[in-house]
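Reading the structure
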Protein chains: 2
Amino acid sequence: MANEVKEITKRDVNFAKWYTDVIKKADLVDYSSVKGSMIIRPYGYAIWENMQSILDKEFKKLGHENVQMPMFIPESLLNVEKEHVKGFAPEVAWITHGGSEKLEERMCVRPTSEVLFCDHFEKIIKSYRDLPKLYNQWCTICRWEKTTRPFLRSREILWQEGHTMHATAEEAIEETLRMLKVYEDFQRNVLALPVIVGKKTDKEKFAGAEASYTLEAMMYDGVALQNGTSHYFGNHFAEAFNIKFLNKDNKMEAPYQTSWGVTTRMIGAIIMTHGDDNGLVLPPNIAPYKTIIIPIGKDESVNEKCNELMCDLLDKNISCKIDLSDKTPGFKFADAEVKGYPVRIEVGQRDLANGLVTLARRDTFEKIQVKVEDVVSEIDKLLKEIQDNLYDRALKRRDSMIYEANTFDEFINIAMNKPGFIKINWCGDVACENKIKDECGFKSRCLIEDEEITGSCCCCGKEAKHRIYFGRQY
Amino acid sequence: MANEVKEITKRDVNFAKWYTDVIKKADLVDYSSVKGSMIIRPYGYAIWENMQSILDKEFKKLGHENVQMPMFIPESLLNVEKEHVKGFAPEVAWITHGGSEKLEERMCVRPTSEVLFCDHFEKIIKSYRDLPKLYNQWCTICRWEKTTRPFLRSREILWQEGHTMHATAEEAIEETLRMLKVYEDFQRNVLALPVIVGKKTDKEKFAGAEASYTLEAMMYDGVALQNGTSHYFGNHFAEAFNIKFLNKDNKMEAPYQTSWGVTTRMIGAIIMTHGDDNGLVLPPNIAPYKTIIIPIGKDESVNEKCNELMCDLLDKNISCKIDLSDKTPGFKFADAEVKGYPVRIEVGQRDLANGLVTLARRDTFEKIQVKVEDVVSEIDKLLKEIQDNLYDRALKRRDSMIYEANTFDEFINIAMNKPGFIKINWCGDVACENKIKDECGFKSRCLIEDEEITGSCCCCGKEAKHRIYFGRQY
């Protein structure tokens, strides 16, 4: 039976195994007969629905509109922008037949939709009055990965992709950074994820972009997870697709473009940042159920009190579930821990006789007894504390795993011995970036904008032009 | 410029052309470079989002959970259920290559997901305690159609597909009919669509189903639109996929299955049922904006009043938009009609001086002047009236286009001369069903359950076993 994980592997023993144990045992995901694709089960999908609903509201507040583009891209359309096709052609799935007939031109399943949006923008953008166009799409994309891992790297990816067109470069750059900030705030405030935000190097930027910005989260094992990107394209694509508008000076001009996206990968980031040996730990602000009520014993008064508490919580918009299965309380406690409900509410007859129930925090395992009449207000307070604690804990751990290297030897020494990110001075030369990658597999994460550059390149000793993070990546 | 429809073709002159003019001019859809696929533009997608949000709540109220299955099906998996593969293999898109490598086994893009759900159910259903499983999925599917038409028939279809498993046949049949009723109520109360609901004949049922139920809407031109289906599978699929559970009698048994779905086709049904020569007419309960405010003149007091009205309407949860473009009022009125906003609010200085604004109903074009302080309550009343009127009007038209035929000659005579549905007595023999189809292209729509069967088969004269509708179909 595919679904039985008897015991979760310890996080410090085998992190990769721990990860797959948790996602299976918490019923987030199942494997399927379709190689490289995963099944997102109800509990996992509910997390994604919460992410969608919160982000969608933010996008719309800023004037973005949802649309739906085709899921297929004819080969000739993919070929229009040279850098872009070079980046994506090696990893697309090709459709060659419809029914029993061979297609005249093969099509790929979209790996991303820049060319589809451009094909449409060419028809609908004629004047500065048509700008900006602020579009977003929730959909599935496909990249034919060789090695896959649920949520982190798979052949099918659920995501949103924003695509916008602007009358000026300044506006487009502003939009690129504005959406990066929306992601940063969401990950910080809702997912409790500390992220390092910055610009990618030319080597690592999106195929066809002028500038790519990234959100880099550090997982428990010190490995980086690129957890969202925002790109500025200038007007390269617009020119390749012959998109022109009449600007305010009555001249034809190619508009300026952005795209930005986040995926179900964020679920992976939550698991690998907050989870522990007992399973999933969900930040209250994204949990499908913030609380779970567990009745102890079969007394009618216990069940009644459970129902009452649930109504009180729901009244205050605190999501809640009662575990009414015929399992033992011990089994239910463990299951509630595996699934990462932020607060467990234990309701037993003996406690009730004294007017009390017991609350258990998932993040610290701390148990507190509270008066029945204070449950809702206590939980409200606890949820905020848990949300903050998860962020602080993750931030502290991350910061303790960021190192600084001044020489290449120092770099390699840290890279080989200490998990985490390494911060260096860099001359900006791709040769140095490649040398590090070839030697130890660390890739550049992003440039650091707010630190002074003094000293020489960690790699070649020439004058440094940037401060930059390196790390291993998922 | 692909987007310019100068004038909408008259509905009675060329209905097909009228339809495509309306969807283009109302900015619902655009064509793309991807043959057979459409682009759903923001205004069209907002209608779909409303449909999703209302239906999703209904599904969840009834205990359904959303999941996400793979979008690809390996050929061997599609082949497991014989009837099913026969029905779908001719119209799937085949993926043969990932990047530059040929796949060992080709995969199709899901045309529907029964086999994917079964593959998963086999792993997670072991005992009656695991039942029912009530799953739903919002996704895109692909059927390689030769002739396509926006919303009605396209290679990519946005839809939801419910897939459920039950411990008994009775429960599964109940679920099949329950979801059919959810669709019927939704189409009646939200989309203002009268639908005929009934069972498909064996010839027309879903590939692999034991019984298929359908919702048949009649378009303005008398042609039928199958606007949703609900299927009962018995346990054919479960047996083919070796899905077994331990029942309450401690015996292994194959569970009983349903599936049900509706698509963006419902948007096509709204257009072709309610639309008129001036464009789209949206039922208030599904319109992205129930009202549009059009300021007349550039006076500051007019703009202020428009903003005030908008706030008042939004306070009462009546969605609202102000047209602030630099076009003339005449242009704005026409555009508001094309887009089908249920109520147009005209705010002009002269009216305001008398404490009045003008409301225009989209369904009847009736204009009424109301006191400024009564606008919200009047609109609230109007919206209900418009919703009811659209339904009543469609029902009346439909009923006036349903005919009865007692002989084959009578049938053909009506079929050739009068658009609409034809009701007949039928012996139940597929030969008669085929004869009608071959002679005039009418297909059986669904069996009529609530009418007494007296007389003989309209086709062969033998004893009738059913009452049944026939019609042309989209």
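Values in this document were obtained by computation on a predicted structure and should not be read as measured data.

**Focus on helix α14 (residues 430–440) of chain B**
All names here are of chain B.
- Among the residues making up α14, those that are buried are Cys432, Glu433 and Ile436. Projection of α14 onto a plane perpendicular to its axis shows the buried side chains occupying an angular sector of 105°, all on one side. Opposite the buried face of α14, at more than 90 degrees from it, the exposed residues are Val430, Ala431 and Asp438.
- Buried-residue contacts for α14 involve α13 (408–417), β21 (421–426), β22 (443–448) and β23 (466–471).
- A positive phi of about 80° marks Gly441, the residue just after α14.

**Overview of the relation of the copies chain A and chain B**
- Of the transformation superimposing chain A on chain B, the axial component is 0.0 Å and the angular component is 180°, with the fit at an RMSD of 0.0 Å. On this basis, the relationship between the two copies can be described by a two-fold rotation axis. Judged by C-alpha distance, A:Ile95 is the residue of chain A that lies nearest the rotation axis, at 2.1 Å.
- Of all interface residues in chain A, 100% are interface residues in chain B too; the two copies therefore contact each other through one and the same surface.

**Observations concerning the domain arrangement of chain A**
- Assigned domains within chain A: domain 1 (15–274), domain 2 (291–386) and domain 3 (402–471).
- A C-alpha centroid distance of 49 Å is found between domain 2 of chain A and domain 3 of chain A.

**Brief notes about unusual backbone geometry**
All names here are of chain A.
- For the bond running from Leu131 to Pro132, omega is -5°, close enough to zero to count as cis.
- The residue Pro132 is located in the loop between α5 (114–124) and β7 (133–142) in this model.
- Of note, the phi angle at Phe151 is positive, near 70°, even though the residue is not glycine.
- Within the secondary structure, Phe151 sits in the loop between β7 and β8 (156–166).
- Assessed through the 27 C-beta atoms surrounding it within 10 Å, Phe151 is described here as buried.
- Despite not being glycine, Asn317 shows a phi value in the positive range, around 60°.

**Points about the pairing of β23(B)**
Residue and element names in this part refer to chain B.
- Within β23, five of the six residues are buried, which leaves it mostly tucked inside the rest of the structure.
- Taken together, the five bridges between β21 and β23 define a ladder with antiparallel strand orientation. Residue pairing for β23: Lys423 is matched across the bridge by Tyr469.
- Where β22 and β23 come together, five bridges link them in antiparallel fashion. Note on β23: the bridge partner recorded for Ser444 is Phe470.

**Quick notes on the sheet that holds strand β9 (residues 195–199) of chain A**
All names here are of chain A.
- What the seven strands build is an open sheet, ordered β3-β7-β8-β14-β11-β10-β9; its pairing is mixed. At either margin of the open sheet sits one strand with a lone partner, and together these are β3 (65–66) and β9.
- Set on the sheet, helix α8 (residues 265–274) makes contact with β10 (211–218), β11 (224–234) and β14 (256–263); between it and β11 the angle comes to about 145°.

**Quick notes on the pairing of strand β15 (residues 291–296) of chain A**
Residue and element names in this part refer to chain A.
- Extensive coverage of β15 is indicated by the burial of six of its six residues.
- Where burial is concerned, the two faces of β15 agree: the one with Thr291, Ile293 and Pro295 and the one with Ile292, Ile294 and Ile296 are both buried.
- Each parallel crossover has a hand, and the one from β15 via helix α9 (residues 300–315) to strand β16 (residues 320–322) is right-handed.

**Here we look at α9(A)**
All names here are of chain A.
- Across its 16 residues, α9 extends 23 Å between first and last C-alpha, which sits within 8% of the 22 Å expected from 1.5 Å per residue.
- Of the residues making up α9, those classed as buried are Lys305, Cys306, Leu309 and Leu313. Down the axis of α9, the smallest arc covering the buried residues is 105°, so these residues share one side. Away from its buried face, by an angle of more than 90 degrees, α9 presents the exposed residues Glu300, Cys311, Leu314 and Asp315.
- Buried-residue contacts for α9 involve β15, β16, β17 (343–348), α11 (349–353) and α12 (375–399).
- Positioned one or two residues after α9, Asn317 has a phi angle of 60°, which is positive.

**What to know about the packing of helix α13 (residues 408–417) of chain A against helix α14 (residues 430–440) of chain A**
All names here are of chain A.
- Following both chains from N to C, one finds α13 and α14 inclined at 40°, their axes separated by 11 Å at the closest point. As the angle between them shows, α13 and α14 are arranged oblique. Both α13 and α14 take part in a crossing whose hand is right-handed. In this structure, α13 uses Phe411, Ile412, Ala415 and Met416 to contact α14, whose residues at the interface are Ile436, Glu439 and Cys440.
- The residue makeup of the contact of α13 with α14, split by class, is six nonpolar, no polar and one charged.

**A look at the interface of chain A and chain B**
- Listed by partner, the interface residues are 44 residues for chain A and 45 residues for chain B.
- When contributions to the side of chain A that touches chain B are tallied by element, the ones reaching two or more residues are β2 (38–40), α2 (42–61), β3, β4 (72–74), β5 (93–98), α5 and β8 of chain A.
- In terms of residue count, β5(A) provides more of the side of chain A that touches chain B than any other element does, six residues in total.
- Bridge count for β5(A) against strand β5 (residues 93–98) of chain B is five bridges, and the pairing is antiparallel. Among the inter-strand pairings, A:Ala93 is bridged to a residue of β5(B), identified as B:Gly98.

**Let's talk about the environment of A:Leu356**
All names here are of chain A.
- Note that Leu356 resides in strand β18 (residues 356–361).
- Judged by the 17 C-beta atoms lying within 10 Å of it, Leu356 falls in the partly exposed class.
- Here the alpha-carbon distance between Leu356 and Ser53, two residues 303 residues apart in the chain, equals 36 Å.
- Apart from residues lying up to four places away in sequence, Leu356 is in contact with Asp351, Gln369, Val370, Lys371 and Val372.

**What about the sheet that holds strand β4 (residues 72–74) of chain B?**
- Reading across from one edge, β4(A)-β6(A)-β5(A)-β5(B)-β6(B)-β4(B) is the order of the six strands in this open sheet, with antiparallel pairing throughout. For this open sheet the edge positions go to β4 of chain A together with β4 of chain B, each flanked by a neighbour on one side alone. On average, each strand axis in the sheet is tilted by 45° relative to the strand beside it, whichever way the strands run.
- The pairing of β5(B) with strand β6 (residues 101–109) of chain B spans four bridges and is classified as antiparallel. Along β6(B), the bridge assignment pairs B:His97 with B:Lys102.

What counts, and at which threshold
Residue positions are given per chain, counted from 1 along the sequence in the order it is written. Naming scheme: in the order in which they are written, chains are lettered from A and ligands are numbered from 1. Note on the predicted model: pLDDT of at least 70 is required for a residue's local features to be given, and 80 or more for side-chain atom pairs to be given and counted; whole-chain, interface and lining totals, by contrast, use all residues. Exposure criterion: with C-beta atoms placed from backbone coordinates, a residue whose C-beta has 20 or more other C-beta atoms within 10 Å is buried, one with 12 or fewer is exposed, and one in between is partly exposed. Here a strand is any run of E in DSSP of at least two residues, a helix any run of H or I of at least four, and the numbering for each starts at the N terminus. By definition, the arc is the one covered by directions from the helix axis to the C-beta atoms. Note on contacts: residues are paired as contacts if their backbone-placed C-beta atoms lie within 7 Å. When the copies are superposed, the least-squares fit takes in the C-alpha atoms of residues with a pLDDT of at least 70 in both. These domain limits were set by an automatic method or by a database of domain assignments. Between any two strands, pairing holds if DSSP finds at least two bridges. Here, axes are lines fitted to C-alpha atoms. For helices the fit covers the stretch in contact, and angles between N-to-C directions go from 0 to 180 degrees. Look down the strands so they point away from you; if the path from the first strand over the helix to the second goes clockwise, the crossover is right-handed. In this scheme, a helix's expected span is set at 1.5 Å multiplied by one less than its residue total. Between 65 and 115 degrees an angle is taken as roughly perpendicular, under 35 as roughly parallel, over 145 as roughly antiparallel, and anywhere else as oblique. Helix crossings are classified by the rotation of the near helix relative to the far one: an anticlockwise turn of less than a right angle makes the crossing left-handed, while a clockwise turn makes it right-handed. For this classification, Asp, Glu, Lys and Arg are treated as charged, while Ala, Val, Leu, Ile, Met, Phe, Trp, Tyr, Cys and Pro are nonpolar and the rest, including Gly, are polar.

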